[in-house]
Amino acid sequence: MDSDEDDRIPLSQRPEWSDVTPVPQDDGPNPVVPISYSKEFAETMGYVRAVYLADERSHRALQLTAEAIHFNAGNYTVWQFRRLILEALNADLHDELEFVEHLASKNSKNYQLWHHRRWVAEKLGTEAAGRELEFTKKIFVNDAKNYHAWSHRQWVLQTLGGWEDELAYCDELLEDDIFNNSAWNQRYFVITRHPGLGGIEATRDSEVSYAVKAILTKPENESSWRYLRGLYKNSMPSFVMDRRVSTVCLTVLTTKANCVFALSLLLDLLSNGFEPNQELKNAVEALLPESRDQDSDMAVTICSVLEIVDPMRVNYWRWRKKSLHSEVEEGVRNLRVH
Amino acid sequence: MGDLAAEKHAKYILLVEKRKDDVESVLMEHLRINGAYWGLTTLDILGKLEAVEQEKVVPWVMSCQHQSGGFGGNEGHDPHLLYTLSAIQILALFDKIEVLDIDKVSSYIASLQNEDGSFSGDIWGEIDTRFSYVAICSLALLHRLDRINVEKAVKYIISCKNLDGGFGCTPGAESHAGQIFCCIGALAIMGSLHYVDKDLLGWWLCERQVKSGGLNGRPEKLPDVCYSWWVLSSLIMIDRVHWIDKEKLVKFILDCQDIEKGGISDRPDDAVDVFHTYFGVAGLSLLEYPGLKAIDPAYALPVDVVNRIFLR
């Protein structure tokens, strides 16, 4: 419904509303001064209040809630009343999907809109899966990180299904923007929850390759580094032994690229008992300014470099340096246990 | 670095409270009680709460209560956990929690806990860790945490922990600073922070600080003053706030002020609003900016208000 203010007939002049007296706004401890906002909005809300108080669940009330929502999609009470009416009328909820879609582009971060959409989709069941996935895709065209849309998409996959193309869709999004943290999160969501993929054990190998490739494309990308690290979250020994991890660190360190995340990951490796080769030691040493001496403990040197190249977080790197001794001990202990 | 224009901000908030006629205000009518909490708490932090007539605010807050015991965003609105917390917090500011039928409100809140420990926002069933925080904070302020299953509540929140140490709105959802505040706040109130990997989360949180000194809510997003609260209070609750550059953050927040008309915006040179004014001032309080009352990072109320509730 497009509300063109010139064509709109005031409710007070519509014959089908002649039996209703609108209920005015009563808004809080200070007296309401003469209203200067849209008269049409004020009038609509007056009639909404009237039917809400009378609990009138009719077709005209349904239409009225649509008008009110178009004026102000944030009013949750109107959305809730609309749902009561939809239930009472046993309305065709496919029309309701249309209604939400028309509002979505201008209200894509509105909690009420998304909750309403979920309520409708849940009622429609698995037949709605495809359409819901398409709907979120449309939102992502304009805002690929929309938190509400991602939440909705995850709910659709888990409740209604449609997993088959999800990993491929993540590939697409990351090709568009490799920094899209939501897409990286979704990757992890898919490999751990897709009923047909075999879980993280089965997919880890290919995902590590994927992450490494992404890192080499943009070494300053926080998301890809975190993803790589996360793939080994509960398997430290494999983390230490996977040559690809130390190799990607070395590659990044020897280019002129931003090396904060590479150093940080290397620090994690060392803390878990990794034994660096001479090439790595040289690469780290090269990053230390001439005025500074490198420490015999490579991890300490790395912390010193990080204090310089990431000064905003100097306190964090100083704390890492101090905790190193106990970290490495524990890491080596864990290695032996396995 | 400029200063905090405290007088201007106080005037701005008092003006917003009085002026209910402009479009923006009318469009926020349904969450007026949230707005009142933001405005009043800011005034209290600035030491100006007495400028507001308590005798007018308290009855209005009570008029927002629904027969179920929950509160709506304004008079005539349906009840929801979000507005119930704001109502309790506003009453706490005025030391008027006793006007509540505490058992009635507690029953409403407790009725919204689900089997898996999560909380729905209202009878319509939306689940989000925001609601876990709101329920737990509300019940704690009312001394009624025993009305819910705390163990399950903790378990659900932990199930929302991600591999980066952060938390999302539901299990598997992307880590987001706002959601993290809710989860950490709830765990802190329930004495369950030992389930959190503080070092890992602390690092994720301090990585939110970008070049300008401001904080974002997720990797590769723009900084916003409201994250000065959510990231900062989370860091304080896990004892890692020294991992960010506090001075740079203070400067960022001060740069977001409108020093002529008062108020604070999401980032420098944008339009101000009460929401960001509150988060900016609250953030500065957490950063121990001089002249501000201390605010509790978990309850999001001035420390003296919280002490009054728990130490009396």
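Structure: see above.
Residues numbered from 1 in each chain as written. Chains lettered and ligands numbered in written order. Predicted model: local features only at pLDDT ≥ 70, side-chain atom pairs only at ≥ 80, totals over all residues. Heavy atoms only, no water.

Engineer: Quick question: what am I supposed to make of the overall build of chain B here?
Structural biologist: Helix and strand counts for chain B come out as 14 helices and 2 strands. For chain B, the spread of C-alpha atoms along the three principal axes comes to 50 × 50 × 40 Å. In chain B, which comprises 312 residues, the proportion classed as buried is 65%. A sequence separation of at least 24 residues applies to 67% of the contacts in chain B between residues at least 6 apart. (Helix = DSSP H or I, 4+ residues; strand = E, 2+ residues; numbered from the N terminus. Buried < 20%, exposed > 50% of the residue type's maximum accessible area, 1.4 Å probe, protein only. Contact = heavy atoms within 4.5 Å.)

Engineer: Would you take a moment to explain the overall build of chain A for this structure?
Structural biologist: Across its full length, chain A holds 17 helices and 0 strands. Looking at chain A as a whole, 53% of its 338 residues qualify as buried. A total of about 16300 Å² of accessible surface is found on chain A, and carbon and sulfur atoms cover 50% of it. Across chain A, the 38 positively charged side chains and the 52 negatively charged ones have centroids separated by 6 Å. (Areas by Shrake-Rupley, 256 points an atom, 1.4 Å probe, with all protein chains shown as cover. Lys, Arg positive; Asp, Glu negative; His and termini not counted. Charge placed at Lys NZ, Arg CZ, Asp CG, Glu CD.)

Engineer: Help me out: how do you make sense of the pattern of salt bridges in this one?
Structural biologist: Side chains that differ in charge, positive against negative, can pair when their charged atoms come close. A complete count under the given rule lists 40 salt bridges over all chains for this structure. Between B:Asp103 and B:Arg144 there is a salt bridge, with its nearest N and O atoms 3.2 Å apart. You can see B:Asp103 sitting in helix 6 (residues 102-110) and its partner B:Arg144 sitting in the loop between helix 7 (129-141) and helix 8 (150-158), a full 41 residues away along the chain. The class of B:Asp103 is partly exposed, set by a relative accessible area of 43%. Of the charged contacts in the structure, one is a salt bridge between B:Lys152 and B:Glu115, with a shortest N-O distance of 3.1 Å. Note that B:Lys152 is positioned in helix 8 and B:Glu115 in the loop between helix 6 and helix 7, a separation of 37 residues in sequence. Of the residues examined, B:Glu115 reaches a relative accessible area of 66% and is grouped as exposed. Through salt bridges with shared partners, one network takes in A:Glu98, A:Glu101, A:Arg117, A:Arg131, A:Glu132 and A:Lys138. (Salt bridge = Lys/Arg side-chain N within 4 Å of Asp/Glu carboxyl O.)

Engineer: How do you make sense of the packing of aromatic side chains when you look at a structure like this?
Structural biologist: Think of a pair of aromatic rings as described by two things: how far the centres are apart, and how the planes are tilted against each other in angle. Tallied over the full model, the rule gives 30 aromatic pairs over all chains. Judged by centre distance (4.8 Å) and plane angle (50 degrees), the ring pair of A:Trp319 and B:Trp243 falls under tilted. With one member in each of two chains, A:Trp319 in helix 17 (residues 314-337) and B:Trp243 in the loop between helix 11 (226-237) and helix 12 (246-255) form a pair that bridges those chains. For B:Trp243, a relative accessible area of 1% translates into the label buried. Connected via pairs of aromatic rings, a cluster forms that spans B:Tyr37, B:Trp38, B:Tyr133, B:Phe181, B:Tyr227, B:Trp229, B:Trp230, B:Phe275, B:Tyr278 and B:Phe279. Stacked on the ring of B:Trp124, the Lys or Arg A:Arg83 has its end atom at 4.5 Å from the ring centre. The ring of B:Trp204 has B:Arg208 sitting right over it, with the charged end atom 4.2 Å from the ring centre. (Phe/Tyr/Trp six-rings, centres within 6.5 Å; stacked < 30°, edge-to-face > 60°. Lys NZ or Arg CZ within 6 Å of the ring centre and 35° of its normal.)

Engineer: Help me understand the packing of helix 11 of chain B against helix 13 (residues 274-286) of chain B in this model?
Structural biologist: How two helices pack is summed up by the angle between their axes together with the distance between the axes. All names here are of chain B. For the pair helix 11 and helix 13, interaxial distance at closest approach is 7 Å and the crossing angle is 35 degrees. Read as a crossing pair, helix 11 and helix 13 show a hand that is left-handed. Here Cys 226, Ser 228, Trp 229, Trp 230, Leu 232, Ser 233 and Ile 236 of helix 11 come into contact with helix 13, specifically with Phe 275, His 276, Phe 279, Ala 282, Gly 283 and Leu 286. Tallied by class, the residues present in the contact of helix 11 with helix 13 amount to 9 nonpolar, 4 polar and no charged. (Axes fitted to C-alpha atoms, helices over the stretch in contact; angles between N-to-C directions. Left-handed = near helix turned anticlockwise from the far one by under 90°. Nonpolar A, V, L, I, M, F, W, Y, C, P; charged D, E, K, R; others polar.)

Engineer: Explanation requested: helix 4 (residues 93-104) of chain A in the structure shown.
Structural biologist: Residue and element names in this part refer to chain A. In a regular helix each residue adds 1.5 Å, so 12 residues correspond to 16 Å; helix 4 covers 16 Å between its end C-alpha atoms and thus fits that length. Residues of helix 4 that are buried: Leu 93, Glu 96, Leu 97, Phe 99, Val 100, Leu 103 and Ala 104. The buried residues of helix 4 occupy an angular sector of 160 degrees when projected down its axis, which confines them to one face. Of the exposed residues in helix 4, those oriented more than 90 degrees away from the buried face are Asp 95 and His 102. The N-cap residue of helix 4 is Asp 92: its side-chain oxygen and the backbone nitrogen of His 94 are 2.9 Å apart. (Expected span 1.5 Å × (residues − 1). Arc of directions from axis to C-beta. Polar contact = N/O pair within 3.5 Å; in protein donor to acceptor, adjacent residues only side chain to side chain.)

Engineer: I'm lost on the interface of chain A and chain B in this one. Help?
Structural biologist: Reports often express the size of an interface as the amount of accessible area lost when the parts come together. Facing 49 residues of chain A, the contacting portion of chain B comprises 56 residues. Interface of chain A and chain B: buried area, both sides summed, is about 5100 Å²; carbon and sulfur atoms make up 52% of it. On the chain A side of the interface with chain B, the three residues burying the most area are A:Tyr147, A:Arg226 and A:Met312, jointly 16% of the side's total. The tally of links between chain A and chain B comes to 2 salt bridges. (Buried area = accessible area lost by both parts, 1.4 Å probe.)

Engineer: Just to check I follow, could you spell out the nonpolar core for this structure?
Structural biologist: Nonpolar side chains in soluble globular proteins tend to end up buried together. Grouped together as the largest cluster of nonpolar side chains are 219 residues, with contacts concentrated most on A:Leu266, B:Ile136 and B:Phe167. Those residues within four positions of B:Ile136 in sequence are excluded, and the remaining contacts are B:Phe119, B:Leu145, B:Ile148, B:Ala153, B:Ile157, B:Ala186, B:Ile189 and B:Met190. (Core = buried A, V, L, I, M, F, W, Y, C linked by side-chain atoms within 4.5 Å.)

Engineer: Can you help me understand helix 14 (residues 303-311) of chain B in this one?
Structural biologist: An α-helical turn contains 3.6 residues, so any two residues separated by three or four positions project in the same direction. Residue and element names in this part refer to chain B. Of the residues making up helix 14, those classed as buried are Val 305, Val 306 and Ile 309. Around the axis of helix 14, the buried residues are gathered within 95 degrees of arc, so they sit on the same side. Along its buried surface, helix 14 packs onto helix 3 (32-45), helix 5 (81-93) and helix 7.

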